[in-house]
Amino acid sequence: MTSFDSSPQLNAWRALLALAVVFVMLATTGWTAVRNNRGDSSPLEAAISAWERGKIGGRSLPDPDAPAARLSHFFASLDTKQRNQLAARYPLAVGNMNGAPAELRYRANRIALKQARKVERERMRDKRLSPLGQQEAERRMKRFGVMMRPERQVLAFDPMGSGRMAEVFGDLDKARRVSVVVPGVDTNVLTFERTFRKYSAPVGMAKALYRAEHSVNPRARTAVIAWADYTAPVGIGVDAATAMRAESGAVRLDSMVRGLPGRTPVALYCHSYGSVVCGVAARTLPSRVTDITVAGSPGMRADKASQLGTGARIWATRDSDDWIQDVPHMEVGGLGHGADPVSGSFGARVLSAAGAAGHTGYFEPGTESLRNFAEIGTGAYDRVRCASGDDVCRKDISGEAAA
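Rules used in this analysis
- Residues numbered from 1 in each chain as written.
- Predicted model: local features only at pLDDT ≥ 70, side-chain atom pairs only at ≥ 80, totals over all residues.
- Heavy atoms only, no water.
- Pairing = 2+ DSSP bridges.
- Helix = DSSP H or I, 4+ residues; strand = E, 2+ residues; numbered from the N terminus.
- Contact = heavy atoms within 4.5 Å.
- Axes fitted to C-alpha atoms, helices over the stretch in contact; angles between N-to-C directions.
- Buried < 20%, exposed > 50% of the residue type's maximum accessible area, 1.4 Å probe, protein only.
- Phe/Tyr/Trp six-rings, centres within 6.5 Å; stacked < 30°, edge-to-face > 60°.

*Asks:* How would you explain the sheet that holds strand 10 (residues 349-350) if you had to name every residue and give the values?
*Replies:* Across the sheet, which stays open at both edges, the eight strands sit in the order 3-4-6-5-7-8-9-10 with mixed pairing between neighbours. Two strands bound the open sheet, and with one partner strand each, they are strand 3 (154-158) and strand 10. Bridging between strand 7 (residues 266-271) and strand 8 (residues 289-295) involves six bridges; their strand directions are parallel. Looking at strand 8, one finds that H271 is bridged to A295. The sheet strands contacting helix 10 (residues 202-216) are strand 4 (164-169), strand 5 (177-182), strand 6 (222-228) and strand 7, and the helix crosses strand 6 at an angle near 165°. Packing of helix 14 (residues 368-377) onto the sheet brings it into contact with strand 5, strand 6, strand 7, strand 8 and strand 9 (313-317), and relative to strand 8 it is tilted by some 170°.

*Asks:* Report on unusual backbone geometry, specifying residues and quantitative values.
*Replies:* The phi dihedral of D186 falls on the positive side, at around 65°, and the residue is not glycine. Mapped onto the fold, D186 is located in the loop between strand 5 and helix 10. Residue classification places D186 among the partly exposed residues on the basis of a relative accessible area of 33%. If you check the backbone angles, S272 has positive phi at about 55° while not being a glycine. Take S272: it is sitting in the loop between strand 7 and helix 13 (273-281). Look at S272 and you get buried, because its relative accessible area is 9%.

*Asks:* Summarise the packing of aromatic side chains; cite the residues concerned and give the values.
*Replies:* What the rule picks out here adds up to nine aromatic pairs. Relative to F74, the ring of W51 lies with its centre 6.3 Å away and its plane at 85°, an arrangement referred to as edge-to-face. With W51 in helix 4 (residues 43-53) and F74 in helix 5 (residues 68-76), this residue pair connects regions lying 23 residues apart in the sequence. An identical accessibility class is assigned to W51 and F74; each is buried. Measuring from ring centre to ring centre gives 5.3 Å for F74 and F75, while their planes differ by 70°; the resulting arrangement is edge-to-face. A residue is classified by how much of its surface remains accessible, and F75, at 1% relative accessible area, is buried.

Geometric descriptors of this kind do not, in isolation, establish any biological role.
What follows is the structure, given as structure tokens:
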């Protein structure tokens, strides 16, 4: 393995730590003021504003921020025609509304994607944009076209900025267990799915996990969500070294989980910075979240698993070639994310990651990490393969009825 001392990742982290004070000052003063001065509302904000003024059948529409159970009750009180009318009138609002029926959200997001695709097509011809800007508009237009296909089940979509998205694989309403993949840095609508290195992107990760669950248990009734519905950090910089993005992402993750149909158990699979999101969210997540698995984690904003404040099982894994192991596992003045989740002192159940090459290989078919994820996702805890020498991994667990 090449020494990490000369790698660009470590150089970036050293530079980050050296400039910590400058970054923090920028993040808390003038830089924040500039970033928050957006002017016009986003398409999603405009859609929610329109929803708040709307009516259906003479009834005012409920608060879009109401608890998911209340919104679910509202949609259940409507007939099919009324629900479809709301999806057509307020596609972005309905498509992102936790508590709305999953199938209705898929329908609404296809409409929203079609509208966003039209906007990007017009931007492609906008002479005010640079050639690079026009090229990005073309890429977004093509991505939206792919995502609006009838077989895609888009659970969330926001075209603002770099964009947010979530997609479901399987039948969310009939699933007996649900798995959620939470990705890390550089995740946006353009990196949501990749042809090259596809298992490093949320769609590839979720598809691989869904197939693996059915491989370890062909009768499994599971659903897997590729959840990129938070604004992830870009590159290795101040956002990646702090919990700022994780804190806002944790709120969104908690809301999404609470809006899932039924009472099926939920397992989270959190990669890289996604594990920071899951660590911050852990304390408030509902009890239906039975397992939180982190892979290639820079830390979970805690020194021990017991400090996460959750009854969920905490699993961790890391490949021996993953450069994240050389990032300082500490938190000082808001920088860094705390203890190493695979360390013995942290107290997580450490899984084997044999075959997972590097930082982005954990969902590659044929790896022990993916197989372990699938065993957890189907409830077959007695079949997980623990890391060599881990004494916590199998403690107080036994096989459960598979999904």
